[in-house]
Amino acid sequence: MNFKALCLGMFCVFFFSHIYTPMPDNIEESWKVMALDAMAKLCTFMGICLENIGIMRYEEFISLIFRMDYTQPLSDEYITVMDTHFADVPVRLYLPKRKSETPRRAVIYLHGGAFCFGSFKQTAFDFLNRWTAHRLDAVVVGVDYRLAPEHHFPAQFEDGITAVKFFLQDKILNNYGVDPTRICISGDSSGGALAAAVTQQVQNDPEIKHKIKIQVLLYPGLQMIDTDLPSHRENEHGIILTRDITIKLVSLYFTKDEALPQAMRRNQHMPLESRHLFKFVNWSTLLPEKYRKNHVYAEPTLGRSTYSLPALMDNRASPLLASDSQLQNLPLTFILTCQYDILRDDGLMYVSRLRNAGVDVTHEHIEDGIHGALSYMTSPFYLHLGIRIKDMYTSWLDKNL
């Protein structure tokens, strides 16, 4: 009996040590954030256990949880909501019912989810897009894209650019009453990466007639070539999103080969021919001093990988790898970063690179922010932080679009 109690006690200590994360002093609603973080880590723990015993893969288990939160396209007194397709890409449209004497603004939104999970059908994204359409009296398009690991890069980018190019056709814009000079592309997390990559493509493609007026990137992940940034070190066991899970999911974006995440954890996943790209993500020069702190920059070890993945060097996957000449054509940009976020430094470096290229950038840094805060705007997972970010996002859109 004592032995069983000892084993149970040891298991409990092991279990809680895996799901407990100390909260920084400045976190608002810290008890709620702690509970949400524990739930996220509990789901991760269960998913990895199920994967290790061969029942299902981790990402399959997490996808099941995400799908429990999907909504139907329900219209209300202000907005008509419908699911349709642009070409063969699923989209959800939010169309204001009030008649307008002039063409409306439009927002195209690409959801986050680490390229592996999520949909415009999620309660939080449906709420955000519905709110945006009502607040701005704008047409809003939520875009779904094929997900990893069933579909690897560049499927997600291809779906994003396909939907945007379809929408930018004159006949489609006229059909929905959209002003072609007042269109925004937005996205959060991995959706922010897709939004950045799609905007780069649209602005630099001479065959695309209508361009983007503004882009909004909310706590975006913008590069995969350096996995040892200060924000990676500081948030290795971070709130909601840890370094290990980030690497696991990002690697699935490219391949199911377990060699990639193993190499990424050591920051030894890039080939020798990628050396010239590191000037674009050199945090020792691109990060403000406040975020460099006492961290020491070390160049990643190159040429150790035994596989060939050219996609790792593709700026459609890592928008931070775009050249200065590609960045110069980008529109007015809003970037939001969060202090307690492993992806923080990607956004900060993109702010520096865009400003160096002459792009007008508004940057908001949330000192008590955590990754994925927009997912927590509705009951039962309500955080004031999510509402704050939603209000900052829509207010900036209203002033600048």
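Relevant structure appears above.
Below is a summary of the structure that appears in this document.

Reading the values: the criteria
Residues numbered from 1 in each chain as written. Predicted model: local features only at pLDDT ≥ 70, side-chain atom pairs only at ≥ 80, totals over all residues. Heavy atoms only, no water. Helix = DSSP H or I, 4+ residues; strand = E, 2+ residues; numbered from the N terminus. Buried < 20%, exposed > 50% of the residue type's maximum accessible area, 1.4 Å probe, protein only. Axes fitted to C-alpha atoms, helices over the stretch in contact; angles between N-to-C directions. Left-handed = near helix turned anticlockwise from the far one by under 90°. Contact = heavy atoms within 4.5 Å. Nonpolar A, V, L, I, M, F, W, Y, C, P; charged D, E, K, R; others polar. Expected span 1.5 Å × (residues − 1). 1 Å grid on protein atoms, 1.4 Å probe; cavity = no way out; pocket = protein on both sides within 12 Å on 5 of 7 lines; lining within 4 Å. Points joined across faces, edges and corners; volume = space filled by probe spheres on them. Core = buried A, V, L, I, M, F, W, Y, C linked by side-chain atoms within 4.5 Å. Salt bridge = Lys/Arg side-chain N within 4 Å of Asp/Glu carboxyl O.

### Describing unusual backbone geometry
Next up, step 1: Here the bond from alanine 148 into proline 149 is cis, since omega is 0°, no more than 30 degrees from zero.
Next up, step 2: Note on placement: proline 149 falls in the loop between β4 (139-143) and α5 (155-167).
Next up, step 3: Here the bond from phenylalanine 153 into proline 154 is cis, since omega is 10°, no more than 30 degrees from zero.
Next up, step 4: If you trace the backbone, proline 154 turns up in the loop between β4 and α5.
Next up, step 5: Positive phi outside glycine occurs at alanine 114, with the angle close to 60°.
Next up, step 6: The topology assignment puts alanine 114 in the loop between β3 (104-110) and α4 (123-136).
Next up, step 7: For alanine 114, a relative accessible area of 22% translates into the label partly exposed.
Next up, step 8: Located in the positive-phi region is asparagine 267, a residue other than glycine, with phi close to 60°.
Next up, step 9: As for its placement among the helices and strands, asparagine 267 is situated in the loop between α10 (259-265) and α11 (283-286).
Next up, step 10: When its relative accessible area of 7% is taken as the criterion, asparagine 267 is described as buried.

### Details of the packing of α4 against helix α15 (residues 384-400)
Next up, step 1: Here α4 crosses α15 at 35°, and the two axes come no closer than 10 Å. At the point where α4 passes α15, the crossing takes the right-handed sense. Mapping the contact onto sequence places Phe127, Leu128, Trp131, Thr132, Arg135 and Leu136 in α4 and Lys390, Asp391, Tyr393, Thr394, Ser395, Leu397 and Asp398 in α15.
Next up, step 2: Taken together, the residues of the contact of α4 with α15 break down into six nonpolar, three polar and four charged.

### Digging into helix α9 (residues 243-254)
Next up, step 1: Relative to the 16 Å expected for twelve residues at 1.5 Å per residue, α9 spans 17 Å between its end C-alpha atoms, a close match to the ideal helical length.
Next up, step 2: Most of α9 sits out of view: eleven of its twelve residues are buried.
Next up, step 3: When we look at burial in α9, the residues that qualify are Arg243, Ile245, Thr246, Ile247, Lys248, Leu249, Val250, Ser251, Leu252, Tyr253 and Phe254.

### As for the layout of surface pockets
Next up, step 1: Here the second largest pocket is characterised by a volume of approximately 310 Å³.
Next up, step 2: Among the elements that make up the lining of the second largest pocket, the one with the highest residue count is helix α3 (residues 58-67) (five residues).
Next up, step 3: When grouped by side-chain class, the residues that make up the lining of the second largest pocket number nine nonpolar, four polar and seven charged.

### Quick word on the nonpolar core
Next up, step 1: Judged by nonpolar contacts, the single largest core of 75 residues is most densely connected at Val141, Phe167, Ile183, Phe254 and Tyr350.
Next up, step 2: It is helix α7 (residues 190-204) that provides the largest number of residues to this core, a total of seven residues.
Next up, step 3: When near neighbours in sequence (up to four residues on either side) are disregarded, valine 141 contacts Phe86, Val91, Arg92, Leu93, Val107, Ile108, Tyr109 and Phe167.
Next up, step 4: Judged by nonpolar contacts, the second largest core, of 41 residues, contains Ala124, Ile214, Cys338 and Ile366.

### Brief notes about the pattern of salt bridges
Next up, step 1: Summed over all chains, the structure comprises 28 salt bridges.
Next up, step 2: The partner of aspartate 137 in a salt bridge is arginine 98, and the shortest N-O contact between them spans 2.6 Å. Taken together, the residues aspartate 137 in the loop between α4 and β4 and arginine 98 in the loop between β2 (89-96) and β3 connect sequence positions 39 residues apart.
Next up, step 3: You can call arginine 98 exposed: its relative accessible area is 53%.
Next up, step 4: For arginine 130, the salt bridge goes to aspartate 126, with nearest N and O atoms at 3.2 Å.

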